[in-house]
Amino acid sequence: MSNMHVGIIMDGNGRWARTQRKPRWRGHLAGVESVRDIVRAAPDLGIATLTLYAFSSDNWKRPQAEVGRLFWLLREYCARERAELLENGVRVTGIGRRDRIPRSALNELERTECATSGNDRLNLRLAIDYSSQWEIARASRDLAHRVEQGTLAAEEISTDLLTKALSGGVPPVDLLVRTAGEQRISDFMLWEMAYAELYFTTVLWPDFRRADLTRALADFRRRERRFGGLPAHAAPPPALVPDARAV
Ligand code: IPE
Ligand code: IPE
Ligand code: MG
């Protein structure tokens, strides 16, 4: 599969910092190196869409100083990486709420989105102030407005339409990777992951590199995705209706 959508919950920066006896933000700083490495590697590994969970809407609960550092890093990443992203054919799009992101970080993100909008080698989606439940509510609200305005009939609301309203038709997630050992989804792409394969590793995000992603993809390729059907090599099912002569 060479047009995969991979989602990554980049977790474990704080724990990494603790192992180094450094403050938490140093873990976030080190995590940016992993982002750089993974974004470079992704197209070579057959990934067409990469969604990185950078800041969840629940991360606002963290101390203001840590939140400030995270948005500073976002701003720096966008500003410093823009030229290379552009050169490597990466298109950057932010997903999530925009109304609460600090202005300076939002400006850099928007500049990067604009500069890279013509690229198509890798669709890099950065989930920032992101909550999947909030996105589903927003998409539902958008469709409800269209019904109110009379441009959409309630009966026309289908899974396809909701998918479009949610993510503009980005393909569903094939593989979800979460680093640092936690085995949960933390409000990430709930709708888009209906049939995603889940891969959990204890590697902390700042230690996660191309070789780790390659390992995750090798594991993914060994899995059999059935989407509710039968394995491709399954024997034909026995006849449901018993042979009349045998009864
Ligand atoms: C992930 O690392 C980065 C963000 C959530 C922004 P954490 O900061 O959650 O690291 P741990 O889970 O405390 O180790
Ligand atoms: C999920 O990690 C969010 C990001 C990686 C941005 P958290 O560390 O915030 O998630 P929980 O609290 O362990 O579920
Ligand atoms: Mg965490």
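Calculation rules
- Within each chain, residue numbers correspond to sequence positions counted from 1 in written order.
- In the order they appear in the text, chains get letters beginning with A and ligands get numbers beginning with 1.
- Where local features are concerned, this predicted model is filtered to residues with pLDDT of at least 70; where side-chain atom pairs are given and counted, the filter is 80 or more; whole-chain, interface and lining totals use all residues.
- Note that the side-chain values use all heavy atoms of the structure and ignore hydrogens as well as water.
- Only centres within 6.5 Å qualify two rings of Phe, Tyr or Trp (six-membered ring in Trp) as a pair; their planes then separate them into stacked at under 30 degrees, edge-to-face at over 60, and tilted for everything else.
- Think of it this way: any DSSP run of H or I at least four residues long counts as a helix, any run of E at least two long counts as a strand, and we number them from the N terminus.
- The buried label goes to any residue with under 20% of its type's maximum accessible area, the exposed label to any with over 50%, and the partly exposed label to all in between, with areas taken from a 1.4 Å probe on protein chains only.
- Our definition puts a charge over a ring when NZ of Lys or CZ of Arg is within 6 Å of the ring centre and also within 35 degrees of the ring normal.
- Strands are labelled as partners when DSSP assigns at least two bridges between them.
- Axes here refer to lines fitted to C-alpha atoms; in helices the fit is confined to the stretch in contact. Angles between the N-to-C directions go from 0 to 180 degrees.
- Here a residue-residue contact requires only that any non-hydrogen atoms of the pair lie within 4.5 Å.
- In what follows, roughly perpendicular refers to angles from 65 to 115 degrees, roughly parallel to angles under 35, roughly antiparallel to angles over 145, and oblique to any angle outside these ranges.
- By the definition used in this description, the sense in which the near helix is turned from the far one sets the handedness, with an anticlockwise turn below a right angle giving left-handed and a clockwise turn giving right-handed.
- When residues are sorted by character, Ala, Val, Leu, Ile, Met, Phe, Trp, Tyr, Cys and Pro go into the nonpolar class, Asp, Glu, Lys and Arg into the charged class, and all the rest, Gly among them, into the polar class.
- By convention in these notes, a residue is near a molecule or strand provided one of its non-hydrogen atoms lies within 4 Å of it.
- Polar contact criterion, stated in full: a pair of N or O atoms within 3.5 Å, where within protein one must be able to donate a hydrogen and the other to accept it, and residues adjacent in sequence count only if both atoms are side-chain atoms.
- Per residue, pLDDT measures the predictor's confidence, with a range of 0 to 100.

Could you give me a rundown of the packing of aromatic side chains, with the residues and numbers involved?
On inspection of all chains with the given rule, the structure shows 8 aromatic pairs. With 5.9 Å between their ring centres and 80° between their planes, Tyr-130 and Phe-188 make a pair best called edge-to-face. On the criterion of sequence distance, the pair formed by Tyr-130 in strand β4 (residues 122–130) and Phe-188 in the loop between β5 (175–178) and β6 (197–200) is long-range, its members being 58 residues apart. Each member of the pair Tyr-130 and Phe-188 is classed as buried. Measuring from ring centre to ring centre gives 5.3 Å for Trp-205 and Phe-208, while their planes differ by 20°; the resulting arrangement is stacked. This pair shows no difference in class: Trp-205 is buried, exactly as Phe-208 is. Aromatic ring contacts, followed pair by pair, group Tyr-53, Tyr-130 and Phe-188 into a single cluster. Lying across the ring of Trp-25, Arg-26 places its NZ or CZ 5.7 Å from the centre. Note that Arg-141 overlies the ring of Trp-134, its terminal NZ or CZ placed 5.9 Å from the centroid.

How would you summarise the pairing of strand β1 (residues 4–9) if you had to cite specific residues and measurements?
The element β1 is largely enclosed, with a buried count of 6 among its 6 residues. Neither face of β1 is exposed, since Met-4, Val-6 and Ile-8 on one face and His-5, Gly-7 and Ile-9 on the opposite face are all buried.

Now, about the sheet that holds β6: what can you tell me, with residues and values included?
The strands making up a sheet associate through hydrogen bonds between their backbones, and the pairing can be parallel or antiparallel. With parallel pairing, the 6 strands of this open sheet are ordered in space as β3-β4-β2-β1-β5-β6. Of all the strands in the sheet, the pair left with one neighbour each is β3 (90–95) and β6. With strand direction ignored, the average angle separating the axes of adjacent strands in the sheet is 20°. Summarising the sheet, β1 and β5 pair through 4 bridges and their orientation is parallel. Each residue of the ladder has a partner; that of Ile-8, found in β5, is Val-177. Sitting on the sheet, helix α2 (residues 24–41) touches β1, β2 (47–56), β3 and β4, and the angle it makes with β2 is about 165°.

Account for the packing of α2 against helix α3 (residues 64–87), with residues named and values stated.
At their nearest, the axes of α2 and α3 sit 10 Å apart, and the two run at 25° to each other. With respect to α3, the element α2 is oriented roughly parallel. Every pair of crossing elements has a handedness; the one defined by α2 and α3 is right-handed. The segment α2 lies against α3, with Arg-24, Trp-25, His-28, Leu-29, Val-32, Val-35, Arg-36, Val-39 and Arg-40 engaging Glu-66, Arg-69, Leu-70, Leu-73, Tyr-77, Glu-81, Glu-84 and Leu-85. When its residues are assigned to classes, the contact of α2 with α3 shows 9 nonpolar, 1 polar and 7 charged.

Would you mind going over the site of ligand 1 in detail, with residue names and values included?
Ligand 1 sits among Met-10, Asp-11, Gly-12, Asn-13, Gly-14, Arg-15, Arg-24, His-28, Ala-54, Asn-59, Arg-62 and Leu-70. At a separation of 2.7 Å, an oxygen atom of ligand 1 approaches a polar side-chain atom of Arg-15. Interatomic distance of 2.7 Å between a side-chain N/O atom of Arg-62 and an oxygen atom of ligand 1. Elements with a minimum of two residues in the shell around ligand 1: α1 (13–19) and α2. Looking at side-chain class alone, the shell around ligand 1 contains 3 nonpolar, 5 polar and 4 charged residues.

Please set out the environment of Leu-85 residue by residue, giving values where relevant.
Relative to the assigned elements, Leu-85 resides in helix α3. For Leu-85, a relative accessible area of 4% corresponds to the buried category. For Leu-85, the contacting residues outside a window of four places in its chain are Val-39, Tyr-77, Val-90, Val-92, Thr-112, Thr-116, Asn-119 and Leu-124.

Requested: an account of the confidence of the model for the protein chain, with residues and values cited.
As a general rule, the predicted coordinates of low-pLDDT regions are not to be interpreted in detail. Here the protein chain shows a mean pLDDT of 95. Residues at 70 or above account for 96%. The spread of mean pLDDT over the elements of the protein chain runs between helix α6 (residues 159–167), the lowest at 95, and β5, the highest at 99.

Can you tell me about the side chain of Arg-82, naming the residues and giving the values?
Along the polypeptide, Arg-82 turns up in helix α3. Looking at Arg-82, its side chain comes within polar contact range of the side chain of Glu-108, at 2.4 Å. If sequence neighbours within four positions are ignored, Arg-82 has contacts with Tyr-77, Glu-108, Arg-111, Thr-112 and Ala-115.

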